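What follows is the residue order along each chain.
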Amino acid sequence: MYYNAKLNLSKGKDKVSKEILRLTLNDKRRIDVVSVFYNSSDILLETIISFANKNKSILYITNEKEQRTDIRYFINEFSNMSGYVYSDVIDYGSRKDYIYICNHNDALRLQGEFDLVIYNDISSFPQYNKEQIKKILLKMCKAEGIAIAYCVEDVFSLGNTIIFPLKDTNTPIIEPRIITTRINLSMDIPLVVYEYLNWSIISNRKVVIFTPDAEKATAVFEYLSLLKERLSENIYLFIAGKSDDYIKLKFMSREKGIMVTNDFKESSVEFHSIDVIVYFADDVKFNHKQLLCLSSKVGRYESEDRGEAIFLANAETDEMDEAKSIARKFNEKAWERGLLNI
């Protein structure tokens, strides 16, 4: 069967899509596609279909939740290719499908190698470093096969790099602000952050405060609860693996409010019109990719009134600086190419 895509990509996306395909056709076996968090995977569909039409085996690795996998949506909606799998089946040799979609851990359990291996690290909260991503790409790819890393930074660094510095909105991504303070963040709040929270509430926006663990989330929530009369009655606490999802839904139903959480991963709730504060951003649990991912939740679903992201810490770290630097470089690259609508 011959497969085809019916995508109507923007000019910028179409150029990137065709450049990825061109590199694979020119036998470039290790390709970096560097882009911002939460960008679309539709730029990969043309290459996937090209390999499927040659009866090539394809492995697509993503850590998105199964029911919210971006590439599966594009396969269903914009192609006539339906032979794909998303499960924990490990005996790939018994399958006849052209494409296997699974997460990082399940990919490690697969037997055999593939003609095309793609790792999407931008559509979900990043859990693995570039060396781990590179290792699994090389492990699962045939010697003569093609491996593509779709990440916020180079993985292979071999010169076959395509940079796609913005999303469909054609607006700059949020560059996080770094605020440092000497106060105990579990027991107090800097005046500048209090004013920022107050401004967000007055502006009818929601604020999500991320903390590195449940204990810190609870401490921040308890302190902010003392300020309800001055800030907002709508202050919520959501603890990953413990709290009911109803709390998130209740938070989102409010016109304005604050939610404190240690839940970084994707959920069924889409956070519209939010600002983000990463409390204890200097914690060793946060690397630069994770910090950038959390700040990228601001403006993820909007092109206007996109709000702000803040890294709040007792000391500025290299990881915080690197996250801010990557965001700035994406914006600079988009500006140089004349891609921004400002």
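Visitor: Describe in detail the overall build of the protein, supporting the description with residues and values.
Guide: Within the protein, the regular secondary structure consists of 10 helices and 13 strands. For 342 residues, the compact-globule formula gives about 20 Å, and the C-alpha radius of gyration of the protein, at 21 Å, lands near that figure. Projecting the C-alpha coordinates of the protein onto the three principal axes gives extents of approximately 65 × 45 × 35 Å. Relative to its full complement of 342 residues, the protein shows a buried share of 55%. Entry remark: accessible area of the protein is about 15,500 Å², with carbon and sulfur atoms responsible for 46%. Positive and negative charge centroids in the protein, built from 46 and 50 side chains respectively, lie 3 Å apart.

Visitor: Can you tell me about the environment of F125, naming the residues and giving the values?
Guide: If you trace the backbone, F125 turns up in the loop between β5 (114-120) and α5 (130-140). Along the primary structure F125 and I202 are separated by 77 residues, whereas in three dimensions their C-alpha atoms are 30 Å apart.

Visitor: Requested: an account of the pairing of strand β10 (residues 235-238), with residues and values cited.
Guide: On a regular strand, one side chain projects to one face of the sheet and the next to the other, so that they alternate. Of the pairings in the sheet, the one linking β10 to strand β11 (residues 257-261) comprises four bridges and is parallel in character. Each bridged residue has a counterpart across the sheet, and for F238 the counterpart in β11 is T261. The β-α-β motif built from β10, the intervening helix α8 (residues 246-253) and the parallel element β11 has right-handed crossover chirality.

Visitor: Explain the sheet that holds strand β8 (residues 177-180) to me, using residue names and the numbers behind them.
Guide: Two pairing modes exist for strands in a sheet, parallel and antiparallel, and in both the strands are linked by backbone hydrogen bonds. Strand order in this open sheet of six strands is β8-β13-β12-β9-β11-β10, and the pairing throughout is parallel. Of all strands in the sheet, those with a lone pairing partner are β8 and β10, marking the two edges. Here the strands of the sheet are splayed against their neighbours by 20° on average, with no regard to which way each runs. Of the pairings in the sheet, the one linking strand β12 (residues 274-279) to strand β13 (residues 309-313) comprises four bridges and is parallel in character.

Visitor: So what's going on with the pattern of salt bridges? Residues and values would help.
Guide: As enumerated under the stated definition, the model contains 15 salt bridges in all. With a closest N to O distance of 3.0 Å, R29 and D27 form a salt bridge. On the basis of relative accessible area, R29 is assigned to the partly exposed category, the value being 27%. Residues K216 and D213 are paired through a salt bridge, measuring 3.5 Å at the closest nitrogen-oxygen approach. Of the residues examined, D213 reaches a relative accessible area of 17% and is grouped as buried. By sharing partners, the salt bridges in this structure join D14, K18 and E46 into a single network.

Visitor: Pulling in residues and values, what's your account of α8?
Guide: Where α8 is concerned, the buried positions are K248, F251 and M252. Buried positions in α8, seen along its axis, are confined to an arc of 95° and lie on one side of it. In α8, the exposed residues that point more than 90 degrees away from the buried face are Y246, L249 and S253. As for α8, its buried residues are in contact with β9 (206-210), β10 and β11.

Visitor: Go over the packing of helix α1 (residues 11-25) against helix α2 (residues 45-52) with me, naming the residues and quoting the values.
Guide: Geometrically, a packed helix pair is captured by the angle between its two axes and the distance between the axes. Taken N-terminus to C-terminus, the directions of α1 and α2 make an angle of 35°; their axes are 8 Å apart at the nearest point. Contacts from S17, K18, I20, L21, T24 and L25 of α1 reach α2 at E46, T47, S50 and F51. The residue makeup of the contact of α1 with α2, split by class, is four nonpolar, four polar and two charged.

Visitor: Residue-level account of the pairing of strand β2 (residues 58-62), with values.
Guide: Counting buried positions over the five residues of β2 gives five, a clear majority of the element. In β2, alternate side chains face the same way, and those of I58, Y60 and T62 on one face and L59 and I61 on the other are all buried. One ladder, built from five bridges, connects β2 with β5; its direction is parallel. Each bridged residue has a counterpart across the sheet, and for I61 the counterpart in β5 is Y119.

Visitor: Before we move on, can you summarise a negative patch on the surface with the specific residues and values?
Guide: Together, E316, D318, E319, D321 and E322 make up a region of like negative charge exposed at the surface. E319 sits in the partly exposed class, given a relative accessible area of 32%.

Visitor: I'd love a proper account of the packing of aromatic side chains, names of residues and values included.
Guide: Going through the model one piece at a time under the given rule, you end up with 10 aromatic pairs. Seen in terms of ring centroids, Y236 and F251 are 6.1 Å apart; in terms of plane orientation they differ by 70°. Their pairing is edge-to-face. On the criterion of sequence distance, the pair formed by Y236 in strand β10 and F251 in helix α8 is long-range, its members being 15 residues apart. F251 matches Y236 in its accessibility class, with the two residues each being buried. Put simply, the rings of F125, F210, F264 and F286 touch in pairs and so form one group of aromatic residues. Here K248 stacks its cationic end above the ring of F238, 4.5 Å away from the centre of that ring.

What counts, and where the lines are drawn
Residues numbered from 1 in each chain as written. Predicted model: local features only at pLDDT ≥ 70, side-chain atom pairs only at ≥ 80, totals over all residues. Heavy atoms only, no water. Helix = DSSP H or I, 4+ residues; strand = E, 2+ residues; numbered from the N terminus. Rg over C-alpha atoms; globule rule 2.2 N^0.38 Å. Buried < 20%, exposed > 50% of the residue type's maximum accessible area, 1.4 Å probe, protein only. Areas by Shrake-Rupley, 256 points an atom, 1.4 Å probe, with all protein chains shown as cover. Lys, Arg positive; Asp, Glu negative; His and termini not counted. Charge placed at Lys NZ, Arg CZ, Asp CG, Glu CD. Pairing = 2+ DSSP bridges. Right-handed = clockwise from strand over helix to strand, strands pointing away. Axes fitted to C-alpha atoms, helices over the stretch in contact; angles between N-to-C directions. Salt bridge = Lys/Arg side-chain N within 4 Å of Asp/Glu carboxyl O. Arc of directions from axis to C-beta. Contact = heavy atoms within 4.5 Å. Nonpolar A, V, L, I, M, F, W, Y, C, P; charged D, E, K, R; others polar. Patch = residues over 30% accessible without salt bridge, like charges linked within 9 Å, V, L, I, M, F, W, Y side chains within 5 Å. Phe/Tyr/Trp six-rings, centres within 6.5 Å; stacked < 30°, edge-to-face > 60°. Lys NZ or Arg CZ within 6 Å of the ring centre and 35° of its normal.

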